[in-house]
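Descriptive structure summary
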Amino acid sequence: MKRRLTGPLLFPLAALIVVASLARGAVTAPSYTDAYYHFNAASRLARGDGFVEDYLWNYLDAPMELPVPSHRYWMPLTAMLAAMGMAAFGAPADYDAAQAPFILLAAGAGMVAYATTRSLAGNRRNAWIAGLLTAFGGFFAPRWGAIDSFAPYVLIGALALLCCGKALMRPERQSLYWLLTGCLVALGHLTRPDGLLLLVSACYAAIPARGFLALLRQRQWSVCLKPLLLVSTSYLLLLLPGAVL
């Protein structure tokens, strides 16, 4: 008997079709300065030129000569994702190839919304509504295919907050979820400078709700500090190699 393509098997396909249609229909080339910067940086990475920029795009640093190290203003993960798409298709400087990871990430955000709603409400119809609303993107729909931080940050931020919630709701696997939260926060920071706000949110969530100061006075250090240490350690371990690059 053939298995029908329903439920969790059907929604990923629907989300991918929606996002791909929006991405290809709304944007087919960089259309503003930031997108050009990420796309050009990705093209250099895909060609094996590394994290360098061979042109002057602003006057904040006024370098004495070119080329100079890149990403001293924007964070590098967006360009790295676009470069992965170019490398996967063997097509440096090809916009269609660069779009592929961003389409998958935006569709992934819809899948997160679907799965979260399904687990909370237990209702497939509501899960479809939540997932499709996320995949359609509303105001951000034209940006799903842009070589920019929109799609990566939506998925990474959603997963980081979801892991925070899982850590609070599942004490038996709390350490794993706090570690995952720290890793996702680092990826969010490597996507956007304001990704640091995810770290603030995660650390606030990691503070025990039942009397943090009282626990400190009782010398229950592990209860107080273990979640914070897990989040901050995994965040730093993942962020530092990116900072070195």
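Residues numbered from 1 in each chain as written. Predicted model: local features only at pLDDT ≥ 70, side-chain atom pairs only at ≥ 80, totals over all residues. Heavy atoms only, no water.

**Notes on the overall build of the protein**
When helices and strands are counted, the protein shows 10 helices and 2 strands. Helices and strands appear in the protein in the N-to-C order α-α-β-β-α-α-α-α-α-α-α-α. Scored against the burial criterion, the 245 residues of the protein give a buried share of 40%. (Helix = DSSP H or I, 4+ residues; strand = E, 2+ residues; numbered from the N terminus. Buried < 20%, exposed > 50% of the residue type's maximum accessible area, 1.4 Å probe, protein only.)

**Topic: helix α4 (residues 95-121)**
If you check α4, its first and last C-alpha atoms are 39 Å apart, about what 27 residues at 1.5 Å a residue would give, namely 39 Å. The largest bend along α4 measures about 25° and falls at Pro 101. Between the side-chain oxygen of the N-cap and the backbone nitrogen of Asp 96 there are 3.2 Å, and the N-cap of α4 in question is Asp 94. Positioned one or two residues after α4, Gly 122 has a phi angle of 65°, which is positive. (Expected span 1.5 Å × (residues − 1). Bend = angle between axes of the 7 residues up to and from the residue. Polar contact = N/O pair within 3.5 Å; in protein donor to acceptor, adjacent residues only side chain to side chain.)

**Points about a nonpolar patch on the surface**
Residues Leu 56, Tyr 59 and Leu 66 make up a contiguous nonpolar surface patch of roughly 360 Å² in combined accessible area. Structurally, Tyr 59 is set in the loop between β1 (52-53) and β2 (68-69). A relative accessible area of 72% places Tyr 59 in the exposed class. (Patch = residues over 30% accessible without salt bridge, like charges linked within 9 Å, V, L, I, M, F, W, Y side chains within 5 Å. Areas by Shrake-Rupley, 256 points an atom, 1.4 Å probe, with all protein chains shown as cover. Salt bridge = Lys/Arg side-chain N within 4 Å of Asp/Glu carboxyl O.)

**Side note on the packing of helix α7 (residues 174-191) against helix α8 (residues 196-206)**
Packing of α7 against α8 brings their axes to within 8 Å, and their N-to-C directions diverge by 160°. Of the possible angle classes, the one that applies to α7 and α8 is roughly antiparallel. In this structure, α7 uses Trp 178, Thr 181, Val 185, Gly 188 and His 189 to contact α8, whose residues at the interface are Leu 196, Leu 198, Leu 199, Ala 202, Ala 205 and Ala 206. Of the residues assigned to the contact of α7 with α8, the class counts are 8 nonpolar, 3 polar and no charged. (Axes fitted to C-alpha atoms, helices over the stretch in contact; angles between N-to-C directions. Parallel < 35°, antiparallel > 145°, perpendicular 65-115°, else oblique. Contact = heavy atoms within 4.5 Å. Nonpolar A, V, L, I, M, F, W, Y, C, P; charged D, E, K, R; others polar.)

**So, unusual backbone geometry**
In the segment running from Leu 66 into Pro 67, the intervening peptide bond is cis, with an omega of 0°. Within the secondary structure layout, Pro 67 lies in the loop between β1 and β2. The backbone phi angle of His 71 is positive, close to 60°, even though this residue is not glycine. For His 71, the location among the structural elements is in the loop between β2 and α3 (77-88). Phi is positive for Ala 93, which is not a glycine, with a value near 65°. Relative to the helices and strands, Ala 93 is located in the loop between α3 and α4.

**What to know about the side chain of Arg 44**
Topologically, Arg 44 is positioned in helix α2 (residues 33-46). For Arg 44, the contacting residues outside a window of four places in its chain are Asp 49, Gly 50, Val 52, Glu 53, Asp 54 and Tyr 55.

**Observations concerning the confidence of the model for the protein**
Low pLDDT marks stretches whose predicted atomic positions should not be read closely. Averaged over the protein, the pLDDT score is 85; the fraction of residues at 70 or greater is 88%. Mean pLDDT values over the elements of the protein span from 57, in helix α9 (residues 212-217), up to 96, in α3. Overall, residues 1-5 carries pLDDT values under 50, and its contacts beyond four positions in sequence, including any with other chains, amount to 4 contacts. (pLDDT = per-residue confidence, 0-100.)

**Focus on the environment of Leu 180**
Mapped onto the secondary structure, Leu 180 falls in helix α7. Leu 180 sits 13 residues away from Ala 167 along the chain, and the two C-alpha atoms are 9.5 Å apart.

**Notes on the side chain of Gln 99**
Position of Gln 99 relative to the elements: it lies in helix α4. There is a polar contact of 2.9 Å between the side chain of Gln 99 and the backbone oxygen of Gly 145.

**Considerations on the nonpolar core**
Counting 52 residues, the largest nonpolar core has Val 19, Ile 147, Trp 178 and Val 185 as its most contacted members. Considering every element that reaches this core, the biggest residue donor is α4, with 10 residues. Setting aside chain neighbours within four positions, we find Ile 147 in contact with Ala 35, His 38, Phe 39, Thr 78, Ala 82, Tyr 95, Ala 98, Gln 99 and Phe 102. (Core = buried A, V, L, I, M, F, W, Y, C linked by side-chain atoms within 4.5 Å.)

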